[in-house]
Amino acid sequence: MPLTSPRRSALADQVIAQLRAQITSGEWPVGARIPTEPELVEELGVARNTVREAVRALAHNGLLDIRQGSGTYVVATSELAGVMNRRFADADPRHVAELRSALEAEAARLAAERRTEQDLRQLDALLERRETAWESGAAEAFVEADATLHMAVVAASHNEVLAEIYADLGGVLRDFLRADVGEVLRPEAHMDHARLVAAIRAGDGDLAASEAAAHSFGCRFPALRRAVSGG
């Protein structure tokens, strides 16, 4: 006789939808700790068991990570992103770099052709934010600033499918960069992204693609980076 599980309540489904909306809207960004269970109970006006069921469901789907003694954190912005985080958590770093190189190179090429003045203003602002984060010496702030700049380059391609795929891989790519950067920012690991933004502004698709492809290998694989950049 097959096992059956009790049907989830409609109220729990509503809470799941509400929490998911706060994640996907960016109100609770990746890396953020969501409100505690008692806080959610008060905010949503539902029973503790309903909140617990909703949080566990989103954790099962890969959007949340429940850390005993610390809290519950956002680890992905969609179910697909959660699946990718789990699927590629132990992937060969070189393979992740190669995938990122392929996606970002094509995105940069398209961005050079399609970027708007608003895109360029956004890239300038995020480039400055990245440099400020680097100068601060705060590794996590730099990871977020760098990842946000690359996401803006992809967005400037104005290819919605490419942007969605890249966003779903965001957690994997951030983890890769976080491991690459480490806890201390090393001067020799700094990579100038001004040339990438300049190439996009100039409409030079080939140069933009070359710059983006080289960045994807970071400092972990210097020989590969030289091969990609032709240096």
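See the structure above.
None of the values given here were measured: they were computed from a predicted structure.

Enquirer: What am I meant to see in the overall build of the protein here?
Expert: Per the secondary structure count, the protein includes twelve helices and two strands. Restricting to contacts in the protein with at least 6 residues of sequence separation, those with at least 24 account for 66%. Working note: accessible area of the protein is about 12,500 Å², and carbon and sulfur atoms make up 53% of it.

Enquirer: Is there a simple way to explain the layout of surface pockets in this structure?
Expert: To find the voids left in a structure, one rolls a probe of water-molecule size over its atoms. The volume enclosed by the largest pocket comes to roughly 500 Å³. Of the voids in this model, the second largest pocket is the one considered here, and its volume is about 290 Å³. Together, 16 residues line the second largest pocket, and Glu-37, Val-55, Ile-66, Gly-71 and Thr-72 are the ones closest to its centre. Contributing elements (two or more residues each) for the lining of the second largest pocket: α2 (37-44), α3 (48-60), β1 (64-67) and β2 (71-74).

Enquirer: Explain the environment of Ala-163 here, please?
Expert: Tracing the sequence through the fold places Ala-163 in helix α8 (residues 160-168). Between the alpha carbons of Ala-163 and Met-151 there is a distance of 7.8 Å; along the sequence they are twelve residues apart. Apart from residues lying up to four places away in sequence, Ala-163 is in contact with Met-151 and Val-154.

Enquirer: Help me out: how do you make sense of the pattern of salt bridges in this one?
Expert: Opposite charge on two side chains permits them to pair, given that their charged atoms come into close proximity. Overall, the coordinates contain 17 salt bridges when judged by the stated rule. Here Arg-178 makes a salt bridge to Glu-140, at a shortest N to O gap of 2.9 Å. Of this pair, Arg-178 sits in helix α9 (residues 170-181) while Glu-140 sits in helix α7 (residues 139-155); the two residues are 38 residues apart in sequence, bridging distant segments of the chain. Glu-140 sits in the partly exposed class, given a relative accessible area of 41%. Of the charged contacts in the structure, one is a salt bridge between Glu-144 and Arg-178, with a shortest N-O distance of 3.7 Å. Linking Glu-144 in helix α7 with Arg-178 in helix α9, this pair joins segments that are 34 residues apart in sequence.

Parameters and conventions
- Residues numbered from 1 in each chain as written.
- Predicted model: local features only at pLDDT ≥ 70, side-chain atom pairs only at ≥ 80, totals over all residues.
- Heavy atoms only, no water.
- Helix = DSSP H or I, 4+ residues; strand = E, 2+ residues; numbered from the N terminus.
- Contact = heavy atoms within 4.5 Å.
- Areas by Shrake-Rupley, 256 points an atom, 1.4 Å probe, with all protein chains shown as cover.
- 1 Å grid on protein atoms, 1.4 Å probe; cavity = no way out; pocket = protein on both sides within 12 Å on 5 of 7 lines; lining within 4 Å.
- Points joined across faces, edges and corners; volume = space filled by probe spheres on them.
- Salt bridge = Lys/Arg side-chain N within 4 Å of Asp/Glu carboxyl O.
- Buried < 20%, exposed > 50% of the residue type's maximum accessible area, 1.4 Å probe, protein only.

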